[in-house]
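Coordinate analysis (summary)
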Amino acid sequence: MSVMRAVEGLPYPVVFSDDAPVDVTRLIAGCASNAVVVADEAVAARANEIAAHLSERGVEAGPVAAIAGGEESKRWESVAAIHDALARRYAERSWIVVAVGGGMLTDVAGFAAATYMRGLRWLAVPTTPVGMADAAVGGKTAINHALGKNLIGVYWDPVAVVADVAALATVPRRSFADGIAEMAKAAIVGDNSLLDELGTLPRLPDDAARWVPLLARAAAVKAHIVATDPREQGRRAELNLGHTVGHALEKASAYRVSHGEAVALGLRAAGTLAHTVTGFSLEEHRRILAVLERHGLPVYDPAIDVETCLAAMQVDKKRRDGSLRFVLPIRVGEVVWGHEVSPEAVRGAVQMLRRPPADGW
Ligand SMILES: NC(=O)c1ccc[n+]([C@@H]2O[C@H](COP(=O)([O-])OP(=O)(O)OC[C@H]3O[C@@H](n4cnc5c(N)ncnc54)[C@H](O)[C@@H]3O)[C@@H](O)[C@H]2O)c1
Ligand SMILES: [Zn+2]
């Protein structure tokens, strides 16, 4: 496949490639003489193929630096391990970091690249649906702090994003569901018909190729918004739909609930909160819940500890101006952001998440 821009609007190409070693090399050869390939251990073999191809074509790649998979790896030790790999090879400012993995890995490796010698270039090779539809696009890099997710990070755009379509074949089932949650978010934010198409996707990685155009559409929603507001001064906040409650649920469960599962629950909470504020309809809400449930995502969880979740949300609150602000759907494809919601309403919405939808809500 030739390198074609699958997603417009950003200052760097975002492509979906069925031959990532070739396309990564094509994008790097001629602009960097050396690369340091950093990979999630789960895709280390794939990263080795990319490194080997780079070296064959004159971009010296050296050994792959592998980071253990999982959200726990979004911490300083991983950043230090990547910096060590760069220092041991006496990396220079003209080198490039190639990050191969899901959202965890591209967030960490992007951050390590941004902070080494005041910023090395990096190229993202997302290998999960969440990575392709969302995390690798938009230049946010970060690690977690004990008090909150993604608290330490910088904006640092990659030079390109090459989604490794072949890697979808090995993605764990839970990650596919996580991808659906982020794609559903993108649909609600800005692509009405994408939502119904998500409902028709195969559940397992069997027919991964069918996911590609929809992953690209979700990434395009993000790219369009990021292009108009790269540093989240305003409407980029729309992309946090479902995430205010979602992040709190994720943290309150000590990450037993995955990011996508938490976002699915957060999308339901946003829908219920929106009803009285924006007139968001029950029909639209049901459309969303049906897609989430079809892919095995939770829309309720009796194990939710309401108080722990509300306490976790205070970190979000302190990060803003002392009030909890939400992104709320008006209809599928259009949202309002920065909407202040009363603490009682938030408590009610979180309590509701402990039970299956009643009367559709
Ligand atoms: N920067 C952003 O804008 C942004 C946006 C959304 C999410 N994120 C972050 O992304 C992370 C979630 O990303 P994710 O869902 O990709 O999770 P992940 O990176 O943790 O990957 C999920 C699991 O799949 C494994 N894996 C990755 N690729 C694989 C493959 N091809 N085959 C087999 N196993 C594979 C990983 O080892 C891990 O166990 C979170 O940390 C979240 O905060 C960032
Ligand atoms: Zn997310």
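I will try to describe carefully the structure that is included in this document. Keep in mind the model is a prediction, meaning the values are calculated, not measured.

So, how was this worked out
- Residues numbered from 1 in each chain as written.
- Chains lettered and ligands numbered in written order.
- Predicted model: local features only at pLDDT ≥ 70, side-chain atom pairs only at ≥ 80, totals over all residues.
- Heavy atoms only, no water.
- Helix = DSSP H or I, 4+ residues; strand = E, 2+ residues; numbered from the N terminus.
- Buried < 20%, exposed > 50% of the residue type's maximum accessible area, 1.4 Å probe, protein only.
- Contact = heavy atoms within 4.5 Å.
- Areas by Shrake-Rupley, 256 points an atom, 1.4 Å probe, with all protein chains shown as cover.
- Lys, Arg positive; Asp, Glu negative; His and termini not counted.
- Charge placed at Lys NZ, Arg CZ, Asp CG, Glu CD.
- Donors = N, O, S within 2.8 Å, 3.2 Å for Na, K, Ca; no water.
- Pairing = 2+ DSSP bridges.
- Arc of directions from axis to C-beta.
- Patch = residues over 30% accessible without salt bridge, like charges linked within 9 Å, V, L, I, M, F, W, Y side chains within 5 Å.
- Salt bridge = Lys/Arg side-chain N within 4 Å of Asp/Glu carboxyl O.
- Phe/Tyr/Trp six-rings, centres within 6.5 Å; stacked < 30°, edge-to-face > 60°.
- Near = heavy atom within 4 Å.
- Polar contact = N/O pair within 3.5 Å; in protein donor to acceptor, adjacent residues only side chain to side chain.
- Nonpolar A, V, L, I, M, F, W, Y, C, P; charged D, E, K, R; others polar.

So, on to the overall build of the protein. Scanning the protein from N- to C-terminus turns up 13 helices and 10 strands. Taking the principal axes of its C-alpha atoms as reference, the protein extends roughly 60 × 40 × 35 Å. For the protein, the residues scored as buried account for 56% of the 361 residues in total. Partitioning the contacts of the protein with sequence separation of at least 6, the portion at a separation of at least 24 is 75%. Surface summary for the protein: the accessible area is close to 14500 Å², and the carbon and sulfur share equals 53%. Each charge class in the protein was averaged separately, 38 positive and 42 negative side chains, and the resulting centres sit 3 Å apart.

What follows covers the coordination of the zinc ion (ligand 2). For the zinc ion (ligand 2), the full set of protein donor atoms is Glu182 (OE), His243 (NE2) and His259 (NE2), at a range of 1.9 to 2.1 Å. All donors of the zinc ion (ligand 2) come from a single chain, and their spacing in sequence reads E-x60-H-x15-H. In this pair, Glu182 is assigned in helix H6 (residues 173-190) and His243 in helix H9 (residues 243-252), connecting sequence segments 61 residues apart. When its relative accessible area of 4% is taken as the criterion, Glu182 is described as buried. With a relative accessible area of 7%, His243 lands in the buried category.

Quick look at the pairing of strand E10 (residues 334-340) now. Where strand E9 (residues 325-331) lies against E10, 5 bridges are found, and the strand directions are antiparallel. Of the residues in E10, the one forming a bridge with Pro329 is Val335. Taking the residues that link successive antiparallel strands as the turn, the E9-E10 hairpin has 2 residues, and the phi of Gly333 there is positive, at about 110°.

Moving on: helix H13 (residues 343-352). Buried within H13 we find Val346, Ala349 and Val350. One side of H13 holds all its buried residues, which, seen down the axis, span an arc of 95°.

A cluster of basic residues, Arg173, Arg203, Arg210 and Arg294, forms a positive patch at the surface. As for its placement among the helices and strands, Arg173 is situated in helix H6.

With that out of the way, let us pick up the packing of aromatic side chains. One pass over the structure, following the stated rule, counts 2 aromatic pairs. Look at Phe176 and Trp211: their rings are 4.8 Å apart centre to centre, the planes differ by 85°, and that puts the pair in the edge-to-face class. Here the residue Phe176 occupies a position in helix H6, and Trp211 occupies one in helix H8 (residues 211-228), the gap between them amounting to 35 residues. As far as burial versus exposure is concerned, Phe176 and Trp211 are alike and both buried.

In the region of ligand 1, 24 residues are neighbours, and Glu71, Gly103, Thr127, Thr128 and Thr170 sit closest. Between an oxygen atom of ligand 1 and a main-chain N or O atom of Gly103, the distance comes to 2.8 Å. Alone, ligand 1 offers 860 Å² of accessible surface; in the complex the protein occludes 87% of this. Elements with a minimum of two residues in the shell around ligand 1: helix H4 (103-115), helix H5 (129-135) and strand E7 (148-155). Residues of the shell around ligand 1, tallied by class, amount to 8 nonpolar, 8 polar and 8 charged.

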